[in-house]
2 protein chains.
Amino acid sequence: MDRNSPIGVFDSGIGGLTVAREIMRQMPKERIIYFGDTARLPYGSKSQDTVLRYSRQIIRFLMTKEVKAIVIACNTASAYALETVERELDIPIIGVIRAGARTAVHSTRNGKIGVIGTEGTISSGIYTDVMRQMRPDIEVTVKACPLFVPLVEEGLLHDTVTDEIASRYLSVLKGRFIDTLVLGCTHYPLIRSTLGRIMGDEVTLVNPAYETAIELKALLEEKDLACQGAEEDGGNEKYQFYVSDLAEKFTAFATSILPNEVKETRKIHVEGY
Amino acid sequence: MDRNSPIGVFDSGIGGLTVAREIMRQMPKERIIYFGDTARLPYGSKSQDTVLRYSRQIIRFLMTKEVKAIVIACNTASAYALETVERELDIPIIGVIRAGARTAVHSTRNGKIGVIGTEGTISSGIYTDVMRQMRPDIEVTVKACPLFVPLVEEGLLHDTVTDEIASRYLSVLKGRFIDTLVLGCTHYPLIRSTLGRIMGDEVTLVNPAYETAIELKALLEEKDLACQGAEEDGGNEKYQFYVSDLAEKFTAFATSILPNEVKETRKIHVEGY
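Residues numbered from 1 in each chain as written. Chains lettered and ligands numbered in written order. Predicted model: local features only at pLDDT ≥ 70, side-chain atom pairs only at ≥ 80, totals over all residues.

**Structural notes on the overall build of chain A**
- For chain A, the helix and strand inventory stands at 11 helices and 10 strands.
- Computed over its C-alpha atoms, the radius of gyration of chain A comes to 18 Å, within 12% of the 19 Å expected for a compact globule of 273 residues.
- For chain A, the C-alpha atoms occupy an extent of roughly 50 × 40 × 35 Å along the three principal directions.
- Counting every position in chain A, which comprises 273 residues, the buried fraction comes to 51%.
- Excluding contacts between residues fewer than 6 apart, the proportion of contacts in chain A whose partners are at least 24 apart in sequence is 76%. (Helix = DSSP H or I, 4+ residues; strand = E, 2+ residues; numbered from the N terminus. Rg over C-alpha atoms; globule rule 2.2 N^0.38 Å. Buried ≥ 20, exposed ≤ 12 C-beta atoms within 10 Å, placed from the backbone. Contact = placed C-beta atoms within 7 Å.)

**Observations regarding the domain arrangement of chain A**
Residues and elements named next belong to chain A.
- Domain boundaries assigned for chain A yield domain 1 (7–95 + 210–272) and domain 2 (97–207).
- For domain 1 and domain 2, the distance between their C-alpha centroids amounts to 23 Å.
- Contact with domain 1, which involves 25 residues of that partner, is made by 20 residues of domain 2.
- Every element with two or more residues in the side of domain 1 that touches domain 2 is listed here: α1 (17–26), α3 (75–88), β4 (93–95) and α10 (208–222).
- Class assignment for the residues of the side of domain 1 that touches domain 2 results in 11 nonpolar, 10 polar and 4 charged. (Domains from an automatic or database assignment. Nonpolar A, V, L, I, M, F, W, Y, C, P; charged D, E, K, R; others polar.)

**Description of the interface of chain B and chain A**
- Of the residues lining the interface, 15 residues belong to chain B; the matching set on chain A comes to 15 residues.
- Per element, the largest residue contribution to the side of chain B that touches chain A is 3 residues, and it comes from helix α8 (residues 160–175) of chain B.

**As for the nonpolar core**
- Val9, Val19, Leu62, Ile72, Ala73, Tyr127 and Phe148 of chain A are the most contacted members of the largest nonpolar core, which totals 84 residues.
- A domain-level breakdown of this core finds at least three residues from each of domain 1 (7–95 + 210–272) and domain 2 (97–207) of chain A.
- Once you skip the residues sitting within four places of it in the chain, Tyr127 of chain A turns out to touch Ile97, Ala101, Val115, Val140, Val142, Val182 and Gly184 of chain A.
- Within the second largest apolar cluster, 83 residues are counted, among which are Ile70, Tyr127, Met131 and Leu170 of chain B. (Core = buried A, V, L, I, M, F, W, Y, C linked by C-beta atoms within 7 Å.)

**Examining the pairing of strand β6 (residues 139–144) of chain B**
Residue and element names in this part refer to chain B.
- Burial along β6 is one-sided: Val140, Val142 and Ala144 are buried, and none of Glu139, Thr141 and Lys143, which face the opposite way, are.
- By the bridge criterion, 6 bridges tie strand β5 (residues 112–117) to β6 in an arrangement that is parallel. The residue of β6 that forms the bridge with Val115 is Val142. (Pairing = 2+ DSSP bridges.)

**Some remarks on the sheet that holds strand β5 (residues 112–117) of chain A**
Residues and elements named next belong to chain A.
- Spatially, 4 strands are ordered β6-β5-β7-β8 in an open sheet, and the strand pairing comes out parallel. Pairing within the sheet leaves two strands with one partner each, and these edge strands are β6 (139–144) and β8 (204–206). Put simply, the sheet's adjacent strands are angled 20 degrees from each other on average, direction ignored.
- Inspection of the sheet shows strand β7 (residues 180–184) paired to β8 by 3 bridges, in the parallel sense. Its bridge partner lying in β8, Val182 is registered against Val206. (Axes fitted to C-alpha atoms, helices over the stretch in contact; angles between N-to-C directions.)

**Overview of the environment of Ile93 of chain A**
Residue and element names in this part refer to chain A.
- Tracing the chain through its elements places Ile93 in strand β4.
- Since 22 C-beta atoms lie within 10 Å of it, Ile93 is described here as buried.
- Beyond its immediate sequence surroundings of up to four residues, Ile93 is in contact with Ala69, Ile70, Ile72, Leu82, Val85 and Glu86.

**Some details on the sheet that holds strand β8 (residues 204–206) of chain B**
All names here are of chain B.
- Spatially, the 4 strands line up as an open sheet ordered β6-β5-β7-β8, and their pairing is parallel. Each having just a single partner strand, β6 and β8 make up the two edges of the open sheet. Put simply, the sheet's adjacent strands are angled 20 degrees from each other on average, direction ignored.
- As defined by bridge partners, β5 adjoins strand β7 (residues 180–183) across 4 bridges and the pair is classed as parallel.

**A short note on helix α9 (residues 192–199) of chain B**
Residues and elements named next belong to chain B.
- Of the positions making up α9, those classed as buried are Thr194, Leu195 and Met199. In a view along the axis of α9, the buried residues occupy a sector of 120 degrees, so they form one face of it. Exposed positions of α9 whose direction lies more than 90 degrees from the buried face are Ser193 and Arg197.
- Summarising the contacts, the buried residues of α9 are in contact with α8, β7 and β8.
- Looking at the residues trailing α9, positive phi occurs at Gly200, about 95 degrees. (Arc of directions from axis to C-beta.)

**Digging into unusual backbone geometry**
- Cis rather than trans, the peptide bond between Leu41 of chain A and Pro42 of chain A has omega equal to -5 degrees.
- By secondary structure assignment, the location of Pro42 of chain A is in the loop between β2 (32–36) and α2 (48–64).
- Phi is positive for Asp224 of chain A, which is not a glycine, with a value near 55 degrees.
- Relative to the helices and strands, Asp224 of chain A resides in the loop between α10 and β9 (239–243).
- A positive phi angle, close to 55 degrees, is found at Leu246 of chain B, a residue other than glycine.
- Relative to the helices and strands, Leu246 of chain B is located in the loop between β9 (239–243) and α11 (247–257).

**Brief notes about the packing of helix α2 (residues 48–64) of chain B against helix α3 (residues 75–88) of chain B**
All names here are of chain B.
- Look at α2 against α3: their axes get within 9 Å of each other, and the N-to-C directions meet at 70 degrees. When the axes of α2 and α3 are compared, the pair comes out roughly perpendicular. Judged by the sense of rotation from one axis to the other, the crossing of α2 with α3 is right-handed. The residues of α3 that touch α2, namely those facing Gln48, Val51, Leu52, Ser55, Arg56 and Ile59, are Thr76, Ala77, Tyr80, Ala81, Thr84 and Val85.
- When grouped by side-chain class, the residues that make up the contact of α2 with α3 number 7 nonpolar, 4 polar and 1 charged. (Parallel < 35°, antiparallel > 145°, perpendicular 65-115°, else oblique. Left-handed = near helix turned anticlockwise from the far one by under 90°.)

Quick look at the structure:
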């Protein structure tokens, strides 16, 4: 393994770009290979078997790019696949869930934490399991919010319909008097202001994308894998983007949320890996 | 080809069951092999290349079941794949679009037709093309409604949020004074009452699922392929269901909308075909 090798980051689609963005900000020397499974998204409504199979194919693709570490930038894939694939790999792999869970456990004052996510992430029970391992007396209330991703993808980030749906989803969490809410899906930080207004100032919102980049940085330093060279410019080859469908649409979206223009996204047949 | 062979019906997931249901009602002697691509749904937001590749895999699977005809019970796959795959097959294959388009053209009195569907179906322009071939002076207004499928799948069939979203989507169609609206996605008949209330009594709603079953019946009779035997009971082997993921969830949903209980759904690896 080479310190100058890239980091592999994958997601079911575009949401994981929020994790890639944090890695770019916090570790500007690192190279990144990003894969978004746009031909098979979303993962949140699919079974563990299927999400595990898809994750293994993507990891085999990333290994052909000689990545030094992998970040599963998708809560559902982290929930369903991380524990299995980390036993199969000889490079470090982390998901977004552990970092988010740890921050929530450290942040809560009253021991009551809420978690929102896709049906897959929520029904896996993984956030509750991980947080209870860290602190057994924690009280966790979970709520699947399947309409948030389509609302975000429709661009209704500041809209009365999103307010109404969010009020319904979050009412059970407000009723439990949580003081910390984990945004357990990479799309949710994009409606953070709506979620924050409904939950109120006294509730801390935890964004696992941000926390995952911090955890990755510490992990690379611990394993002596952090890039030591000079910071390169943000050119095309430093950050490479691959998808399984709709490369041009991905390029446009990625350019809109990343600090540098994305010049090219390559489409691959991921099911062949 | 054998008259007693089954009919193959496929969709990206559950929506095509509305087409299967119409075939069961209108042709009670026929056997059906249904496939729902639940591991890769939805198709509506994916590219033509990808939807064509998925459709070919599914057709190869259905051919192993010795089907005598195939119905593409998905508007997006009909839009993107039908024209290509019908040249590759030596059995009859029909999609939901032509039957829906024909009924709309016959139904309109003022020549102004609206079409709603997924982003894939709408951006393909296929409804407009097909209707203009039938009647060149027709005026077609189209509108993609990407939130309708998630709203239906969340169960908000009669809900103020669905009313609000539908009002926004349909306002452009009302402004064009259409008198006929094609429900160009198999989920949409499930919110037919909402759509009808917003459009008003003077607008005819066309459900391509219903029209497709009529077209299939005529086609089988024309080709001397209609089942001649006695009507069997609705037992398990008469109707067989296959999916690429979440077989149990599919069984529960299918039982809720089909006339007979679905006892079993089998999961297959469709990408291997």
